[in-house]
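These are the residues of each chain, in order.
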Amino acid sequence: MSTPQTETIFALSSGQPPAAIAVIRISGPAALEAARSLTTRDLPQPRRAGLRRFIDPASGDLLDEGLLLCFPGPNTETGEDMVELHAHGSRAVIRGIEEALARLPGLRGAEPGEFTRRAFLNGRMDLAAIEGLGDLLAAETALQRRAAMAMMGGGLSRRIDEWATALRRLAAQVEARLDFSDEGDVEQAGALDGVAESCGAIAEEMEADIARPPADRLRDGIRVAIGGPPNAGKSTLFNRLVGRDAAITSAQAGTTRDILEASIALRAIPLVLFDSAGLREGTVDEIERIGIDRAGALLASADIILWLGPPDGKPYVEGRIIQIHPKADMGENSVPPASGLSISAVTGEGIDALIDLICDAARSLLPLPGDYALSQRQRAAMARSAAALREVALTSDEILIGECLRQALGALDELTGRVTTDAVLDELFSGFCVGK
Ligand SMILES: Nc1nc2c(ncn2[C@@H]2O[C@H](COP(=O)(O)OP(=O)(O)O)[C@@H](O)[C@H]2O)c(=O)[nH]1
Ligand SMILES: [Mg+2]
């Protein structure tokens, strides 16, 4: 699939030291040779751990004692020969081993994501799986983990394979007809019947996938903004949901000016919660005015709004609005409006019910657990493919139809990474850590 790499790379693949154990991985043609240089005894059997002393070949210094594992290619993660050293996770041990490796011919430290990049170049993983892996490494909640695993499991890759196979068959059908009609043998050419219908059906499936909740929201968190007039109890509710005193609260109107944000997980759903200045008309000082403008923009971009003001004062926005009646513990003195879900951010009354409502609204914006979800890059490529297929219905010219099918297949190849530019790969792998 690609020219084999001549350089051998190594990196610390476990977490930051100090730690109990450090895993240093080596990948490339000189990996096994490097393992031999670090030890005085024979290498353990492939894929079996062996206890070895790690020795600096230059000085003869004993660096550490640990486990050594060898994975001869090509059935390895990267597709190359790989070695793992499980050493003690101290900075000095790791530095000693890395320095010893760096001095060996043909070895160098890996760049971020370079192991995974080699896995991709050697056909061990496709781009959808790699994006799933990136999400898995970044996952903080169980929901994110499940979606990432679904991506890595290849559900999307399989679906794309099915489409690509069907499109290639249709392209062959169109091609055959072109060849025969060149020879004037229209009888033999067969009909183009059904090609446009098949293309339309596949485009429809793609469009349904594109319309599903995107992966980005799951990765970045659903944006939940608290809005309402000054003094409604927005910051107190923010603190309650965040679980600490993050925002200053006071009986003085106009206390909050900046936008505060906190990433939280409610029932495993990743959310970004925002607090902001209360919306009010009239004369306020310049700084509060700026805060109010920012609050307006925030509400307009939120996925879900917790509205603590009168129903008729609700901002006109696209997001879902949950109407809340705050300060319920104050009884008769509670703030109007007496509508919506009654809560008290002070006593905790109604907070569980509110969390239920937030989670229900959030879930409808997220991919179903276990379903694959498309990233922005994947949606764009799929949309190009669907658009090319929709063109097929607009013409009866075989040459144009053939071209549409080529474009549709090309867009799918971009999606899976069969065809990629270095820029796309650089962008993707730059998000990975060194050692992955
Ligand atoms: N009794 C009671 N007081 C509240 C409640 N929520 C907020 N407050 C009080 O109302 C005042 C304004 O609250 P704050 O959260 O700063 O309002 P914001 O301007 O909307 O952010 C503060 O004195 C809070 O202590 C509540 O649920 N019950
Ligand atoms: Mg406030």
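If you're wondering where the values come from, they're calculated on a predicted model, not measured in any experiment.

A. View of the sheet that holds strand β2 (residues 19-27). Strand order in the open sheet formed by six strands is β3-β4-β5-β2-β1-β6, with mixed pairing between adjacent strands. Edge positions in the sheet fall to β3 (50-55) and β6 (107-109), since each has one partner strand and no second. Neighbouring strand axes in the sheet, compared pairwise and without regard to direction, differ in orientation by 30° on average. In the packing of helix α1 (residues 31-38) onto the sheet, contacts are made with β1 (8-12), β2, β3, β4 (62-71), β5 (82-89) and β6, and the angle to β5 comes to roughly 40°.

B. How the structure looks around the sheet that holds strand β8 (residues 260-266). Taken together, six strands build an open sheet; the order of strands is β8-β9-β7-β10-β11-β12 and the sheet is mixed. Each edge of the open sheet carries a strand with a single partner, namely β8 and β12 (341-342). Of the pairings in the sheet, the one linking strand β7 (residues 222-227) to strand β9 (residues 269-275) comprises four bridges and is parallel in character. By the bridge assignment, Ile 222 is partnered in β9 with Leu 271. Against the sheet, helix α10 (residues 234-242) contacts β7, β8 and β9, and its axis sits at roughly 155° relative to β9. Across the sheet, helix α11 (residues 286-301) lies against β7, β9 and β10 (304-307), angled at about 135° from β7, the strand it touches most.

C. How the structure looks around the packing of helix α4 (residues 127-138) against helix α5 (residues 142-152). Contact pair α4 / α5: the axes reach a minimum separation of 7 Å and the direction vectors enclose 160°. Taken together, the axis directions place α4 and α5 in an arrangement best described as roughly antiparallel. Both α4 and α5 take part in a crossing whose hand is left-handed. Note on element contacts: α5 touches α4 through Gln 144, Arg 145, Ala 147, Ala 148, Met 149, Met 151 and Met 152, opposite Ala 128, Ala 129, Glu 131, Gly 132, Leu 133, Asp 135 and Leu 136.

D. Summary view of α5. Taken together, the buried positions of α5 are Leu 143, Gln 144, Ala 147, Ala 148, Ala 150, Met 151 and Met 152. One or two residues past the end of α5 sits Gly 154, with phi positive at roughly 90°.

E. Molecular detail of the domain arrangement of the protein. Segmenting the protein into domains produces domain 1 (8-123), domain 2 (155-214 + 374-417) and domain 3 (218-363). Put simply, the middle of domain 1 and the middle of domain 3, counted by C-alpha atoms, are 51 Å apart.

F. Representation of the environment of Gly 233 in the model. Summarising the element assignment, Gly 233 is placed in the loop between β7 and α10. Note on Gly 233: 24 C-beta atoms within 10 Å, which makes it buried. Separated by 193 residues in sequence, Gly 233 and Thr 40 place their C-alpha atoms 69 Å apart. Look past the residues within four positions of Gly 233 in its chain and what remains in contact with it is Leu 308, Pro 326, Lys 327 and Ala 345.

Analysis parameters
Residues numbered from 1 in each chain as written. Chains lettered and ligands numbered in written order. Predicted model: local features only at pLDDT ≥ 70, side-chain atom pairs only at ≥ 80, totals over all residues. Pairing = 2+ DSSP bridges. Helix = DSSP H or I, 4+ residues; strand = E, 2+ residues; numbered from the N terminus. Axes fitted to C-alpha atoms, helices over the stretch in contact; angles between N-to-C directions. Contact = placed C-beta atoms within 7 Å. Parallel < 35°, antiparallel > 145°, perpendicular 65-115°, else oblique. Left-handed = near helix turned anticlockwise from the far one by under 90°. Buried ≥ 20, exposed ≤ 12 C-beta atoms within 10 Å, placed from the backbone. Domains from an automatic or database assignment.

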